[in-house]
Amino acid sequence: MKTSERIRDGFMPWAGLALGTTGYFLAHQLGSDSTFQDCRVGSPWMVLVATIVGLAVIGSGAFGSWGVYAARTESPARRLLAVVGLLACLLYAIGIILPFIAALIIPGCWA
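Residues numbered from 1 in each chain as written. Predicted model: local features only at pLDDT ≥ 70, side-chain atom pairs only at ≥ 80, totals over all residues. Heavy atoms only, no water.

Undergrad: Run through the nonpolar core, naming residues and quoting values.
TA: Note on soluble globular proteins: their nonpolar side chains tend to be buried together. In terms of nonpolar packing, the biggest core is built from 6 residues, these being A27, I58, A62, L86, C89 and I96. Those elements that place two or more of their residues in this core are α3 (44-70) and α4 (76-105). Among all residues touching L86, those that are not within four sequence positions of it are A62, S65, W66 and Y69. (Core = buried A, V, L, I, M, F, W, Y, C linked by side-chain atoms within 4.5 Å. Buried < 20%, exposed > 50% of the residue type's maximum accessible area, 1.4 Å probe, protein only. Helix = DSSP H or I, 4+ residues; strand = E, 2+ residues; numbered from the N terminus. Contact = heavy atoms within 4.5 Å.)

Undergrad: Run through the packing of α3 against α4, naming residues and quoting values.
TA: Running from amino to carboxyl end, α3 crosses α4 at an angle of 165 degrees, the nearest separation of the two axes being 9 Å. Taken together, the axes of α3 and α4 lie roughly antiparallel to each other. Crossing of α3 over α4 shows left-handed handedness. (Axes fitted to C-alpha atoms, helices over the stretch in contact; angles between N-to-C directions. Parallel < 35°, antiparallel > 145°, perpendicular 65-115°, else oblique. Left-handed = near helix turned anticlockwise from the far one by under 90°.)

Undergrad: Before we move on, could you go through the environment of F63 and cite the residues and values that matter?
TA: If you trace the backbone, F63 turns up in helix α3. Owing to a relative accessible area of 65%, F63 belongs among the exposed residues under this scheme. A sequence separation of 47 residues divides F63 from G16, and the C-alpha atoms of the two residues are 7.7 Å apart.

Undergrad: Account for the pattern of salt bridges, naming residues and giving values.
TA: Applying the stated criterion across every chain yields a total of 2 salt bridges. Residue D9 pairs with R78 through a salt bridge whose shortest N-O separation is 3.2 Å. In this pair, D9 sits in helix α1 (residues 3-11) while R78 sits in helix α4, placing the two residues 69 residues apart along the sequence. What makes D9 partly exposed here is its relative accessible area of 37%. One salt bridge connects R78 with E74, and the closest N-O pair in it is separated by 2.4 Å. On the accessibility criterion, R78 (19% relative accessible area) is buried. Residues participating in the shared-partner salt-bridge network are D9, E74 and R78. (Salt bridge = Lys/Arg side-chain N within 4 Å of Asp/Glu carboxyl O.)

Right, here's the structure in full:
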C-alpha cells in the first residue's frame, strides 16, 4: 500500500470531524466577523458565500465519513468514528444555517 493510500485510509473516519470543524470555522469567521466586527463592510452576499463554502467543506467531510460507515468491511471502531463525524457534521451544518438565516433577517448594523 502506498503512503498516500495509508494516509487517506487513516484520515477517512476522521474526515467528518476534521473537515466539519474547518467548514464551520470558515463560515463563522468569514460570515460573523464581516457582519459584526465592521458591519459597514459586511453584506448578505459575503455571508451567503461563507455559508456555501462552509457547507461544501462540511459536506465533503460527511461524504468521507459516510464512505467508511457504509463499508461493511470496516472495523467497529472505524465505523464509530465515522458515525461521530457524521453527527458532528449535522451539528456544524445547523450551526451555519441558523446564523445565516439570522443574518438575512436582522438588518445590517441593526439599522
